[in-house]
Each structure stands twice: as structure tokens, then as C-alpha cells.
Protein chains: 2
Amino acid sequence: MNADFANFHEAFMRRALAVARCGWGATHPNPMVGALIVEAGEIVAEGFHAKAGEPHAEIVALRALGRAPEPDATLYVTLEPCCTEGRTPPCTGAILASGIRRVVVGATDPNPRHAGRGFELLRAAGVEVVTGVLAEECTDLNLIFNHWIATGRPLLAAKIATTIDGRIACRTGESKWITGEAARADVMRWRRLFPAIAVGAGTVASDDPQLTARLPEGVWCPRRFVFDGALSIATLNPLPRLLSDEWRSRTTIVTSERQHSVVVRKLEELGVQVWRLPAEEGVVSSAAFTERCAREGVTGVLVEGGSRLLSGLIQTRALDYLLAYRAPRVFADASSIPVATGLRVELPSVGLRLAEVRHSVFGDDQLMRGRIVYPDTLEIDTTPGEEHGAGDHHCGCDHD
Amino acid sequence: MNADFANFHEAFMRRALAVARCGWGATHPNPMVGALIVEAGEIVAEGFHAKAGEPHAEIVALRALGRAPEPDATLYVTLEPCCTEGRTPPCTGAILASGIRRVVVGATDPNPRHAGRGFELLRAAGVEVVTGVLAEECTDLNLIFNHWIATGRPLLAAKIATTIDGRIACRTGESKWITGEAARADVMRWRRLFPAIAVGAGTVASDDPQLTARLPEGVWCPRRFVFDGALSIATLNPLPRLLSDEWRSRTTIVTSERQHSVVVRKLEELGVQVWRLPAEEGVVSSAAFTERCAREGVTGVLVEGGSRLLSGLIQTRALDYLLAYRAPRVFADASSIPVATGLRVELPSVGLRLAEVRHSVFGDDQLMRGRIVYPDTLEIDTTPGEEHGAGDHHCGCDHD
């Protein structure tokens, strides 16, 4: 592929990515996919996957064309066409049937059992296949799906908003606002993407958040998890919004299996769901939580704090991904709330790091995000300092 | 100015900025300035200010042209031409004498007594003057000069390299390395820019840094300050590199005026300078330090830690600017070293913030930098936590 062709392909793939994003948050457990048909250098049809069970992007584009493609037609698609029978017939068959002779693809199928088989099948039938165009962007588009399909577990991602000195809230627990409007609007987009959002009980008590995605096109309520080993939020007066608003049936309290059934019944009468899971010292097992998510088809969870919940997820290696906003602020206050604590790190190389790092700027704020890579051994700090305690009582997150 | 002209002007101004940067770090106390002469849409001459006392960029470009400019010639210059007699005659006079009829300028003169006067003078003589082209970038180029000329004091800037959770070193003091190679190479560029670098005595004891700028084009040693109220580094065995290397005459120990003259004499015999300044409880007054810098013509100081030095400079509002690198790492260790401590911040809005924020990416790391804006009142934390102590003994910085 020479440089001119590369630019040409990238420009169309960028458009296919934009088309794919029309399915933002709506395709779970399927990936977002966008497709274009290009004839004589012009886009003549577009399609995206809108929802599980509905046609795949390639099929939508072919139908939108409404006629046989010209002999020079190229299909651009952000993800390797499927070659197996799922809820819909395989796309490779439809592509071959359409007579299209050239296919340009972004990401390879993240399912290790299928990766590259769609390409082989098309090539075997004489179709020219160009792969890896904007591969990183196309892969990044489906970070939830990629994890789910490869591991069978939900992607547990945390969103944090910190000062330059890494604090998520003041010593008082106050965190409104650390980041600016543009970064907070971006968080709404992530809330719309993830099938579920999770917070700790302390966050509910201090902030009474809604955890909805308030977007220009409307309000969306994802599934909302509250980690509450002690079932403390059921006793709050007035009841928090997560237990009383119009979307309370989308709230699930994650608690210890030893919790008293009276309170559980009270919550269920409110229309709220309760997951009673194995717990140790009042802290619900993150392994049990991810297993239950997997069983119920929850492919991704965005954890929005606080410090205590994050610390627990890090200590058990349960956290997979981090979205870290940074605002141009400095607290320089030893008692302000840290992102997480609980580890002993004696060398930079034995701390956590991110891979597949991506950067963005929102106004004066920065976002750094990536997949968490844990060191071989995590040393747990058994003598937490004063600071550690602070994170237990406060929310420690920019949420509402 | 319509959009086409704006793009045209910006493209040339971007080149003038690149030309100006040929004087990177070499022009103090003067600003970096770049100039181009453009005729019929082509650059026919370039110039930059190389060193104080040498000709200004506009003059260098006019001389490089070596003939009278064509009637359509335009002069591009990154900074408003000077209109007053300094060490060299005013540039406005030379521009008028050259016959150039159009001047396009980036930044306005930051000296409030001169700002805009160069423009007026040229316009009064019938020259067309376009101002504000890439004004932000052109202003940012001279952040040291701008502060110096407006306040008469050196720009005190701090460079930090942190994890996502805002830590500058592990609990052990180890900080090699938090950021990656590309970010550390960028730090070398800043070391070349600032006339002086400063560290605390703890940093010297733990890291034995050189504080030189190791650049592809060679090694440069800036003036090196060590804050050492107790004159402790003189007793280290072996002597630290700052007191023994080939550039030791560029090292200045900043200590208390009450320090014993025997140790001071020992240091002076090594060829090292000593500034004895007013101090309180062993901590040298930052006001006295900046005054002494001003008197000796040191226009900017890059502070490279540690945590204790930064905390002191923040508490006294002495720190003017922050360069904050962030690496995709998380320590999650309450005993790791914070950027700075010593304040009580109860609301995000009463913490420090940055203005004129600029963002860059170096490999997987990010840089956020800006001018520090202090709140009206700084509440000092008189009950430092456990964490505060940690910063006192360790280096807490990515330096060498």
C-alpha cells in the first residue's frame, strides 16, 4: 500500500468510524461497526450496526445502496467482517454475493478463534482485502467488546478526575468541580457508552448522584451498581436518588450474601435489585461481582469512585481500564483525597502502568486512558497511613 | 484579515517561530525573536536574535537580504519591534529606513511601558501593520522574558514528573524513572532554556544530580542553585557532583546568613559560590532569593524538587509557573511522595490553578504547563500528616 493509497483509505476509514459511532452505547453485547461503499472515489452508501439482533453494518450499507455495486466498488468496514452464523447470517457471504471485489478493513476480529478468518475467506474467493487501516482507532472504538469477547468477563473501567497532584477531592470530600465543563461533558459520553456504572456507598451518601448520561440529545440512564456491603444506603433519609428516581429499577445494590433479608426485601419493594454476593469483612468479592455481571450479560462497568472502592478493585487486580482526567489545579494538601491507596511500591517499575495509552485535551484539562497492566506481584500495604482513612468517608469523585 | 490571509500569515509566522528558537536559552536577559522577509510569497531572508548585545532579529534579516527589499516585501517578526534605544538602536527606525511597507507581528511587547508603541510608530509612518498572528505561541516563546520585564523578578518555575495519582517518587524516594525517554528529553530542552536550575539539599544527598542539559547538540550546564539552609551537602563524602565536577563554578549554595563562615570558606575554596540570605527556622526566604537573583540578572529559575522545596515555594507564593509531566503509572501507595503539601484546601475553587495552560504529549506521557494563580488566601496546614514527613527526606523528582 503506497502513501497515496494509505491517505485515501484513511480518509474513508475515518468516515466509517464516525458512522460506526452512531451506534454509541446501543450495540451491547455487540461491537460498534461502520461501513461505506465507495465507487469512483465517492461514498455511495453508508451503514452502521444499530443494535444486537439487527443487521450488521456491511449489510446495512449494501441495502442502502439498493442496487448491485459497480465493478470498481470498495467496501470500507471498521471491523473484520464476521464469517460465522450468529443471530444474523455471516457478512462474508453477503459481501461475496454482492459482487464487491475489494474490501478495506480497520480492526481485526478480537475473538482469537475468528481473528483473520473473515479475511482468509474473502481472499480465497478472489476479493482484494486491505487490512489494518486506522487499526488502532478501530480497535479502540470497541474496547468493551474486545475485552468481553476475549475474556468472557466485563471490562471494569474506572473514571477519575484529579488535580495535578493526583487528588480526587478536597480534605472535606468536596470535588465539585475539579475538571471543567468540556471534560465533564466527555464523561457523559462514556456514561452513555458503558452498559453499567458503579459507585461505592460512601459516594451515594455524600453526593446523592444520579449517574445518568446527560447529553445534548437527551438523558440516558445506564444500569447503576452501588457497592454497599453494609446495606447502609437503604437507611438514608431522604432516600438517595438511585433508590427513588424514575430509573430506580435500573439500580442494583451489590452487597454481602450475609445481609439481612428484611432490608433486602425493603429495597426490592422499592423496585431496586439486590445482588447478594460472597464478601470478606463487609467488602464484596470483586471476582464474584464480575462473574455475576458475565452471567447477566453486563459487558462493561464504569466505576466512578470513591477512593475506597478503587483501592479495593486495584488490590484484587479487578480493575481493567483507567480513564484519568487531569485539571490544571494543585491542592498541595496532604489530607486531600487520593485516587487510591493500599499498595506498597518501592520502585516505579513495580507500580501499575497503562498500556494502549490514548491522550485527549478538553479545554484546559487532559484525559489519559489505557488498559491497566499489573506487576507480577502486588505488595499490599498493611499499615495504611492517616491519608488512607480519609478516602473511606468521602466520595472522592467528580460526579452527580 | 480574511481567512486566506490568516492562513498565509500563520504559515510564515510558524516559520519565524522556528527561526526564533535558534536562540533557545542563549538570549537572556533578552527575548528570543525570529524574523522573515517575504517577497512575492517566498521567504528571501531570515534572522534571529542570537545573544544580548548582538543585533535584533529584524536587523539580522534585513542584513541577510543584502539589498533593498522589493516594494511588495513583508517583514514577519515574532515580537513587536522595539522603538527605544537599548544596547542597539531601535528596530522601528531600521525598518522604516529599509523601505519595507508591511509588517506582520506575533506578540505585543510585554513591557507595559512599550506595548503597542512600536506599532503606532510604524503606522504613523504609513507602514501597514498586522498584529496578533499566532500571538499565543509567540508570547509563550518568551515566558521567562515576559515575566522578568513586567515584574523585575525572575520567573520561578517548577518541573515535576508524576504518576496519574500525583506522586513524584516511591515511598523509598526512588523516582527513576516515572516518565519515559521522550519526556525526559523534553526536560533537557527546558534546562537549556532556563538560565538557572534549583534543587533542595535532600535531592543532592539522595540523587547526586548533575543538573546539566544533555542535548543531541552537546552538554550545557546552567547556573545551579542548591537550597541548603544547614549547609549539609558540604559534609557529604564523597563530595556531590555539583561541588566537584568541571562546572562547579556554576554552582551556588543558597543558605542561611547565620551559617558558619568556616564551611562557607571551604565551599568557596572549591570554587562554589555561596549566597547567605535571611532564613527562618533554617529555610531561606524565597523573597530574599528572588531579590538576589534579580540583582544578579538571573531572569528565570527552573526548580526540580523535591517535595519540601516545592511546598515551601508554594506556601510563600514564590512559585510562578509549573511544568507538570504525567506518566501512565499508578502507585496507589499512601506513603509515596506527593508533589507538595502544607496547605489546607476545603473547596476545589480555593486551591491553586494554572492559567495560560498548554498541553503536549511525549510518547505515552503528557505535559501540562501554565502560570500559577494563587487564591486570595492560602490557608497553611499546621498539622501535617504522616505523608508530609516523607517528602522531607527524599528527593522526589525525576532528575539526574
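Residues numbered from 1 in each chain as written. Chains lettered and ligands numbered in written order. Predicted model: local features only at pLDDT ≥ 70, side-chain atom pairs only at ≥ 80, totals over all residues.

(A) Summary view of the environment of B:Pro71. The residue B:Pro71 is located in the loop between α2 (57-65) and β3 (74-79) in this model. For the pair B:Pro71 and B:Phe145, spaced 74 residues apart in sequence, the C-alpha to C-alpha distance is 34 Å. (Helix = DSSP H or I, 4+ residues; strand = E, 2+ residues; numbered from the N terminus.)

(B) Representation of the nonpolar core within the structure. Counting residues in hydrophobic clusters, the biggest one holds 142 residues, and the most contacted among them are A:Val226, A:Val301, A:Val303, B:Val226, B:Val301 and B:Val303. Not counting residues up to four positions away in its chain, the partners in contact with B:Val303 are B:Leu156, B:Ala157, B:Ala158, B:Ala198, B:Leu309, B:Leu310 and B:Leu313. (Core = buried A, V, L, I, M, F, W, Y, C linked by C-beta atoms within 7 Å. Buried ≥ 20, exposed ≤ 12 C-beta atoms within 10 Å, placed from the backbone. Contact = placed C-beta atoms within 7 Å.)

(C) Local environment of helix α12 (residues 307-315) of chain B. Residue and element names in this part refer to chain B. Burial of α12 is extensive: 7 of the 9 residues sit out of reach of the surface. All of the buried residues in α12 are Ser 307, Arg 308, Leu 309, Leu 310, Ser 311, Leu 313 and Ile 314. Downstream of α12 by a residue or two, Arg 317 has a phi angle that is positive, lying close to 60°.

(D) Highlighting the environment of B:Ala196. Residues and elements named next belong to chain B. Of note, Ala 196 is situated in strand β8 (residues 196-200). Residue classification places Ala 196 among the buried residues on the basis of 23 C-beta atoms within 10 Å. With 163 residues separating them along the chain, Ala 196 and His 359 place their C-alpha atoms 24 Å apart. Discounting residues that sit within four places of it in the chain, Ala 196 has contacts with Pro 222, Arg 223, Phe 225, Val 298, Gly 300 and Val 301.

(E) Layout of the relation of the copies chain A and chain B. Overlay of chain A on chain B (RMSD 0.0 Å): rotation 180°, translation along the axis 0.0 Å. Such a combination of turn and shift is consistent with a two-fold rotation axis. For chain A, the residue whose C-alpha comes nearest the rotation axis is A:Gly166, separated from it by 1.9 Å. Counting the interface residues of chain A, we find that 100% of their copies in chain B are interface residues as well, pointing to one common contact surface. (Least-squares fit on C-alpha atoms with pLDDT ≥ 70 in both.)

(F) The interface of chain A and chain B, seen in detail. Listed per partner, the contact involves 55 residues of chain A and 55 residues of chain B. Elements that contribute at least two residues to the side of chain A that touches chain B include exactly α12 (307-315), β17 (321-326), β18 (329-330), β20 (352-362), β21 (365-373) and α13 (386-393) of chain A. Considering only residue class, the side of chain A that touches chain B consists of 24 nonpolar, 16 polar and 15 charged. In terms of strand pairing, β20(A) meets strand β18 (residues 329-330) of chain B through 2 bridges, oriented antiparallel. (Nonpolar A, V, L, I, M, F, W, Y, C, P; charged D, E, K, R; others polar. Pairing = 2+ DSSP bridges.)

Such coordinate-based values are descriptive only and should not be taken to indicate function.
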